[in-house]
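Structural features, examined
Listed here are the chains, written in short residue letters.
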Amino acid sequence: MMPGLPLHEADAARRHPGKRPPRPDRKPGRRTVERYVRDQIRRPRPDLAGRLADAVRARWQPRIREQARRQAATTTGLVIDTRARLGYTAPIGSTDQDRIRHLTVALPPQHAARLFNAQEQGAGDRELQQIAAEALKKVYFQDGGRRAGSLEEVRFTDVEHLDFEL
């Protein structure tokens, strides 16, 4: 019996010297992943199929995410969907009472770029929430400068949910 191998693997190693069974914790090679992506490996062994799927996800998802972020920050923007308590600071005589609102607003690319840059620099949730509040102020409350020009600050608190879609 070979040391370090279970009995059935030791028997296989003895019968076929130089041929060890693959280790389950080992990642598939780059070339194997490329062949799998190009459909040259149609039906991989069950033990290899899961490892290949993980390797493809690890390799391709970051590229797809980066491409989607770049597109959102330059051309398409993103959609913010939130249910939170929103209020604002405005001159005397306006109704600035905080209230829970459910908003779905399309943010232009410049606001998406600010959010992505802050996230890449390691900004915390509070800072990202503040950037989102400023974006909502300009896009939703001020309608791109067409109304509520004297609005000073938007309060964005008691967030029940906050989703961003590309």
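First things first, this report covers the structure right here in the doc. These numbers come from a predicted model, not from an experiment. (Residues numbered from 1 in each chain as written. Predicted model: local features only at pLDDT ≥ 70, side-chain atom pairs only at ≥ 80, totals over all residues. Heavy atoms only, no water.)

Looking now at the overall build of the protein chain. Of the regular secondary structure elements, the protein chain holds 5 helices and 3 strands. In sequence order, the protein chain lays out its α and β elements as α-α-α-β-β-α-α-β. Within the protein chain, buried positions represent 30% of all 166 residues. A sequence separation of at least 24 residues applies to 58% of the contacts in the protein chain between residues at least 6 apart. When the accessible area of the protein chain is evaluated, it comes to approximately 11700 Å², of which 49% is carbon and sulfur surface. (Helix = DSSP H or I, 4+ residues; strand = E, 2+ residues; numbered from the N terminus. Buried < 20%, exposed > 50% of the residue type's maximum accessible area, 1.4 Å probe, protein only. Contact = heavy atoms within 4.5 Å. Areas by Shrake-Rupley, 256 points an atom, 1.4 Å probe, with all protein chains shown as cover.)

Moving on, we come to the nonpolar core. Judged by nonpolar contacts, the single largest core of 24 residues is most densely connected at Ile80, Leu86, Val105, Leu107, Leu136 and Phe156. Secondary structure elements with two or more residues in this core: β1 (78–89), β2 (99–107), α4 (109–120), α5 (125–141) and β3 (153–165). In terms of residue count, the dominant contributor to this core is α5 (8 residues). Residues contacting leucine 136, with those up to four places away along its chain left out, are Ile80, Leu86, Leu103, Val105, Phe141 and Phe156. (Core = buried A, V, L, I, M, F, W, Y, C linked by side-chain atoms within 4.5 Å.)

Its location among the elements puts lysine 137 in helix α5. Judged by relative accessible area, which is 18%, lysine 137 ranks as buried. Placed 19 residues apart in sequence, lysine 137 and phenylalanine 156 show a C-alpha to C-alpha distance of 10.0 Å.

This model, assessed by the stated rule, comprises 1 aromatic pair. Look at tyrosine 140 and phenylalanine 141: their rings are 5.0 Å apart centre to centre, the planes differ by 80°, and that puts the pair in the edge-to-face class. (Phe/Tyr/Trp six-rings, centres within 6.5 Å; stacked < 30°, edge-to-face > 60°.)

Moving on to the layout of surface pockets. Space inside the largest pocket adds up to approximately 310 Å³. Along the walls of the largest pocket sit Arg65, Arg69, Leu78, Leu115, Phe116, Gln119, Asp125, Leu128, Gln129, Leu162, Phe164 and Leu166, which together make up its complete lining. Elements with a minimum of two residues in the lining of the largest pocket: α3 (46–76), α4, α5 and β3. (1 Å grid on protein atoms, 1.4 Å probe; cavity = no way out; pocket = protein on both sides within 12 Å on 5 of 7 lines; lining within 4 Å. Points joined across faces, edges and corners; volume = space filled by probe spheres on them.)

So, on to the pairing of β1. The pairing of β1 with β2 spans 9 bridges and is classified as antiparallel. Within the sheet, the bridge partner assigned to leucine 86 lies in β2 and is arginine 99. One ladder, built from 10 bridges, connects β1 with β3; its direction is antiparallel. For arginine 83, the partnering residue across the bridge sits in β3 and is histidine 161. (Pairing = 2+ DSSP bridges.)

A word on the sheet that holds β3. Paired through their backbone hydrogen bonds, the strands of a sheet run either parallel or antiparallel. The strand order β2-β1-β3 describes an open sheet built from 3 strands, whose pairing is antiparallel. What marks the edges here is a single partner per strand, and that holds for β2 and β3. Each adjacent strand pair in this sheet contributes to an overall mean axis angle of 30°, direction not counted. Contacts from α4 reach β1, β2 and β3 within the one sheet, and its direction differs from that of β2 by about 105°. Sheet strands touched by α5: β1, β2 and β3. Its angle to β2, the strand with the most contacts, is close to 80°. (Axes fitted to C-alpha atoms, helices over the stretch in contact; angles between N-to-C directions.)

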